[in-house]
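# Residue-level structure breakdown
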Amino acid sequence: MLQLNDFKEKKILHVGNRPGLDNKLKFRNSNICLYRDDRFTHQVSTHLIFAIYYIGELSLTSVLIKQMREHGISLFLLNDSLKTYAEITSAAEGNYILRKKQYHHNDSFALEISRNLVLNKVQNQYNALQKTRTGIVITDIASINGITNAKSTESMLGFEGNAAKGYFNRMFDNLKWYRRTPRTKEDIPNLLLDIGYTYLFNYVDSLLRLFGFDTYMGYYHKPFFIRKSLSCDVMEPLRPIIDYKLVKAWNLGQINEKDFYFKDGEFLIKKDFHRKYTNMFFEELMRNREDIYTYIKNFYKHIMDPNRYHFKQYIYK
């Protein structure tokens, strides 16, 4: 199992495509090497990488895929709209004890896990909000009490939604923002949130798989065809990382409307500015990577032995 001391040195890489060139990743002398039209351009040690995000078309070698799996490296392939179209992820699939616990939990345990995750998310939303409203304490007692006393995950959804509505209205009131509409990209903030959440989701999924979780088997998000429900669950308390980064970048003037264009009813990023906005979110994930790893490791320990290891929140500061 990957330990924190090892994980501290790990990096997330993102690489942009060069249109018109034959882009290829190969393994050579313990390094992952990038070639363009068969010309070597860059390399990085396999011991220093946790995940690679590649934008555009890419050729891979079978030796590289084998080495990536051996070194616990995940690869995500994104199209020009920054949507993931393929992935090669590393996983500890032999942890059958963990998976047996996932598959045979009772409803009360699933409800308790869900409650902890949602309350943790709401608390971190308040923490993020306070960072934008220094000295102001904002709470939603009705929603917190509703989540705490919910008798089912279905009833919890309404209280979570009420808390989220108030949070988004306050958090993004200085942006050109109407509402949170996932995957519609009806404005620039929604587009950037979708991108940030996607990277966060893939990052969380990669970590969960390294511990051996079946990420399709969730607690709060019920199993659904081809949905990685557990990754959706575990990323909930982490979402404010992306929210606050977006607000901060917007307030600092780092987001320029000229970097985007509107087509077929949605906003998209111009190709020349992909790196600018991917850097924005990758750097924030790297800044928080040790705390995220510790949070997921504690989640793993809680699932394995809930009597000995209590659920530990991820506290966004």
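Preceding this section is the structure that the text describes.
Before going into details, it helps to say that this report is about the structure given with it. Everything numeric here is computed off the predicted structure, so don't read it as measured data.

The residue Asn-202 is located in helix α7 (residues 188–211) in this model. Beyond its immediate sequence surroundings of up to four residues, Asn-202 is in contact with Tyr-53, Phe-76 and Thr-84.

Structurally, the position occupied by Phe-172 is in the loop between α6 (153–171) and α7. On a C-alpha basis, the gap between Phe-172 and Leu-129 in space is 9.6 Å, while along the polypeptide they are 43 residues apart. Aside from chain neighbours lying at most four places away, what touches Phe-172 is Trp-177, Leu-193, Asp-243, Leu-246 and Val-247.

Reading across from one edge, β4-β3-β2-β6 is the order of the four strands in this open sheet, with mixed pairing throughout. The open sheet terminates on both sides in strands that have one partner only, identified here as β4 (39–45) and β6 (59–60). Note: strand β3 (residues 31–36) against β4, six bridges, orientation antiparallel. Within β4, the position partnered with Ile-32 by the bridge is Val-44. Lying on the sheet, helix α2 (residues 62–70) is in contact with β2 (23–28), β3 and β6; it crosses β2 at an angle near 60°.

A few words now on the pairing of strand β10 (residues 266–269). Bridge analysis of strand β9 (residues 260–263) against β10 gives four bridges, and the strand direction is antiparallel. Across the sheet, Lys-263 pairs through a bridge with Glu-266, a residue of β10. Taking the residues between adjacent antiparallel strands as the criterion, β9 and β10 are bridged by two residues, where Asp-264 takes a positive phi near 50°.

Another aspect to go through is helix α10 (residues 274–287). In an α-helix, one turn spans 3.6 residues, which is why side chains three or four residues apart end up on the same side. With 14 residues, α10 should cover 20 Å at 1.5 Å per step; its first-to-last C-alpha distance of 20 Å lies within 8% of that length. Where α10 is concerned, the buried positions are His-274, Tyr-277, Thr-278, Met-280, Phe-281, Phe-282, Glu-284, Leu-285 and Met-286.

What follows is about the pattern of salt bridges. Taken as a whole and assessed by the stated rule, the structure comprises 11 salt bridges. Measuring nitrogen to oxygen at the nearest pair gives 2.8 Å for the salt bridge that ties Lys-121 to Glu-160. A residue pair is termed long-range when its members are at least 10 positions apart, and Lys-121 in helix α4 (residues 107–132) and Glu-160 in helix α6 qualify at 39 residues. Neither residue differs from the other here; Lys-121 and Glu-160 are each classed as buried. One salt bridge in this structure joins Lys-121 and Glu-236, with 2.9 Å as the shortest N-O distance. In this pair, Lys-121 is assigned in helix α4 and Glu-236 in the loop between α8 (229–235) and α9 (239–251), connecting sequence segments 115 residues apart.

Inspection of every chain in the model, using the stated rule, returns 19 aromatic pairs. Centre to centre, the rings of Tyr-35 and Phe-40 are 5.8 Å apart; their planes meet at 65°, and the pair counts as edge-to-face. Take Tyr-35: its relative accessible area is 11%, and that puts it in the buried class. Taking 6.0 Å as the distance between ring centres and 85° as the angle between the ring planes, the aromatic pair formed by Phe-213 and Tyr-300 counts as edge-to-face. With Phe-213 in the loop between α7 and α8 and Tyr-300 in helix α11 (residues 289–304), the pair connects residues that are 87 residues apart, well separated along the chain. Given a relative accessible area of 12%, Tyr-300 falls into the buried group. Through pairs of rings, three or more aromatic residues link up here, namely Phe-211, Phe-213, Tyr-293, Phe-299 and Tyr-300.

Moving on to the sheet that holds strand β5 (residues 49–55). Reading across from one edge, β1-β5-β7-β8 is the order of the four strands in this open sheet, with mixed pairing throughout. The open sheet has two edge strands with one neighbour each: β1 (11–16) and β8 (84–88). On average, adjacent strands in this sheet sit at an angle of 15° to one another, irrespective of strand direction. Sheet topology note: the β1/β5 ladder contains six bridges and is parallel. By the bridge assignment, His-14 is partnered in β5 with Tyr-53. Along the sheet, α10 contacts β1 and β5; its crossing angle with β1, the most-contacted strand, is approximately 175°.

Turning to the pairing of β3, a few remarks are in order. Counting buried positions along β3 yields six of six residues, so the element is predominantly enclosed. Here β3 shows no split at all, with Asn-31, Cys-33 and Tyr-35 on one side and Ile-32, Leu-34 and Arg-36 on the other all buried. Pairing between β2 and β3: six bridges, direction antiparallel. Counterpart to Leu-25 in the pairing with β3 is Leu-34. In this structure, the hairpin formed by β2 and β3 is closed by a connection of two residues, where Asn-29 is found at a positive phi of approximately 50°. The antiparallel hairpin formed by β3 and β4 contains two residues in its connecting segment, where Asp-37 sits at a positive phi of about 55°.

Calculation notes
- Counting starts from 1 at the beginning of each chain's written sequence and moves along it residue by residue.
- Totals for whole chains, interfaces and linings use every residue, but because this is a predicted model, local features are given only for residues with pLDDT of at least 70 and side-chain atom pairs only at 80 or more, for both listing and counting.
- Side-chain measures here rest on the full set of heavy atoms in the structure, leaving out hydrogens and waters.
- Numbering goes from the N terminus for both helices and strands, where a helix is a DSSP run of H or I of at least four residues and a strand is a run of E of at least two.
- Any two residues having at least one pair of non-hydrogen atoms within 4.5 Å are treated as being in contact.
- By this definition, two strands are paired if DSSP reports at least two bridges between them.
- The axes used here are C-alpha line fits, helices contributing only the stretch in contact, and every angle between their N-to-C directions lies in the interval 0 to 180 degrees.
- By definition here, a helix of n residues has an expected span of 1.5 Å times n minus one.
- Exposure is judged per residue with a 1.4 Å probe applied to protein chains only, and the accessible area is read against the type maximum: over 50% gives exposed, under 20% gives buried, and values in between give partly exposed.
- In the sections that follow, a salt bridge refers to a side-chain nitrogen of Lys or Arg positioned within 4 Å of a carboxyl oxygen of Asp or Glu.
- Here a Phe, Tyr or Trp ring, Trp counted by its six-membered ring, pairs with any other such ring whose centre lies within 6.5 Å, and the pair is stacked when the planes are under 30 degrees apart, edge-to-face when over 60, and tilted otherwise.

Purely geometric numbers; function is a separate question.
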